[in-house]
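Listed below, chain by chain, are the residues.
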Amino acid sequence: MTRETIALTPQPPTAEAFAPYGTMLGRAIDFADAPPERLSWHEPATDFRHEHDFDTAGGVPEFIWVRYRNPGPEIARLEMHLFTEQAVVPLTGAPIIHIVGRSLADNPDQPDPDSLTAFCVPAGTGLCMAPGIWHASLAPNGEAICLMLTRRSTQEDLVGHLMHGSDARESRIVTLADLGWPTLRIAG
Ligand SMILES: NC(=O)N[C@@H](O)C(=O)O
């Protein structure tokens, strides 16, 4: 790899732009005219609609509360979860920069640098990643509190790895410098 730096310019999340990585949550839609399969309801005081059937591959789903404080702009590590989808929904005013990517075609345990995209995710929208999607999150505008939906066994496995160094059986975490990558950063 000859590039000095991989610089990603965050883009707004749209259903189309995020489709290679999973499902965008909270896309703009006319609640009053949502198609029947969206199981929606609209009245003067309330709108709601179906967004997504969350898939944990049979595991126990788990909500966790996440506080991101890493301002970036560099991203040192990427991680992915082998079996479960994972959704991240910013709750406070500060948007997050969520970086996602897919694995190399010939090595599922390494991200493909050419597949990376950064999204600027404001409160009120969210991203639900498919299993195997590499990711990292930055909070350049101050701490961002997020709701996260994941799989309990994946979380237990991840926390055990982070706290005690046990083998991660349900996730992969890579340090990009160990892969010989140039600096990965958010542009600007
Ligand atoms: N799962 C978890 O707790 N955190 C990471 O997966 C993350 O994306 O922040």
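Reading the values: rules and limits
Residues numbered from 1 in each chain as written. Predicted model: local features only at pLDDT ≥ 70, side-chain atom pairs only at ≥ 80, totals over all residues. Heavy atoms only, no water. UniProt positions renumbered as here; feature names shortened; annotations may be inferred. Pairing = 2+ DSSP bridges. Helix = DSSP H or I, 4+ residues; strand = E, 2+ residues; numbered from the N terminus. Buried < 20%, exposed > 50% of the residue type's maximum accessible area, 1.4 Å probe, protein only. Contact = heavy atoms within 4.5 Å. Near = heavy atom within 4 Å. Polar contact = N/O pair within 3.5 Å; in protein donor to acceptor, adjacent residues only side chain to side chain. Areas by Shrake-Rupley, 256 points an atom, 1.4 Å probe, with all protein chains shown as cover. Nonpolar A, V, L, I, M, F, W, Y, C, P; charged D, E, K, R; others polar.

As annotated in an unreviewed UniProt entry, the protein chain carries the name Ureidoglycolate hydrolase (Allantoin degradation) and is attributed to Saliniramus fredricksonii. One UniProt comment on the protein chain, placed under Subunit (unreviewed entry), says "Homodimer." UniProt lists a comment for the protein chain under the heading Catalytic activity (unreviewed entry), and it reads "(S)-ureidoglycolate = urea + glyoxylate".

Participant: Honestly, the sheet that holds strand β6 (residues 74-75) in this entry has me stumped. Any pointers?
Facilitator: Note on sheets: strands pair through backbone hydrogen bonds, and any given pair is parallel or antiparallel. In space, the three strands of this open sheet follow the order β1-β17-β6, with mixed pairing throughout. In the strand order of this sheet, the two ends are held by β1 (5-8) and β6, each with one partner. Direction of pairing for β1 relative to strand β17 (residues 183-186): parallel, over a ladder of four bridges. Note that in β17 the partner of L8 across the bridge is I186.

Participant: Please clarify how the environment of I99 should be interpreted in this entry.
Facilitator: Considering the arrangement of structural elements, one finds I99 in strand β9 (residues 96-101). Take I99: its relative accessible area is 0%, and that puts it in the buried class. When the C-alpha positions of I99 and V159 are compared, they lie 21 Å apart, and in sequence the two are 60 residues distant. I99 has contacts with L8, I75, L78, T117, A118, W134, H135, A136, L138 and I186, leaving out every residue within four places of it along the chain.

Participant: Got a minute to help me understand the site of the ligand in this structure?
Facilitator: Looking at the ligand, the residues that line it are I64, Y68, E79, H81, Q86, H135, M148, Q155 and L158. At 3.1 Å from an oxygen atom of the ligand is found a side-chain nitrogen or oxygen belonging to H135. Measuring from an oxygen atom of the ligand, one finds a side-chain N or O atom of Q155 at 2.8 Å. For the ligand, whose free accessible area comes to 260 Å², the fraction covered by protein is 84%. Broken down by secondary-structure element, the contributors of at least two residues to the shell around the ligand are β5 (61-68), β7 (77-81) and α2 (152-164). Among the residues forming the shell around the ligand, the class breakdown is four nonpolar, four polar and one charged.

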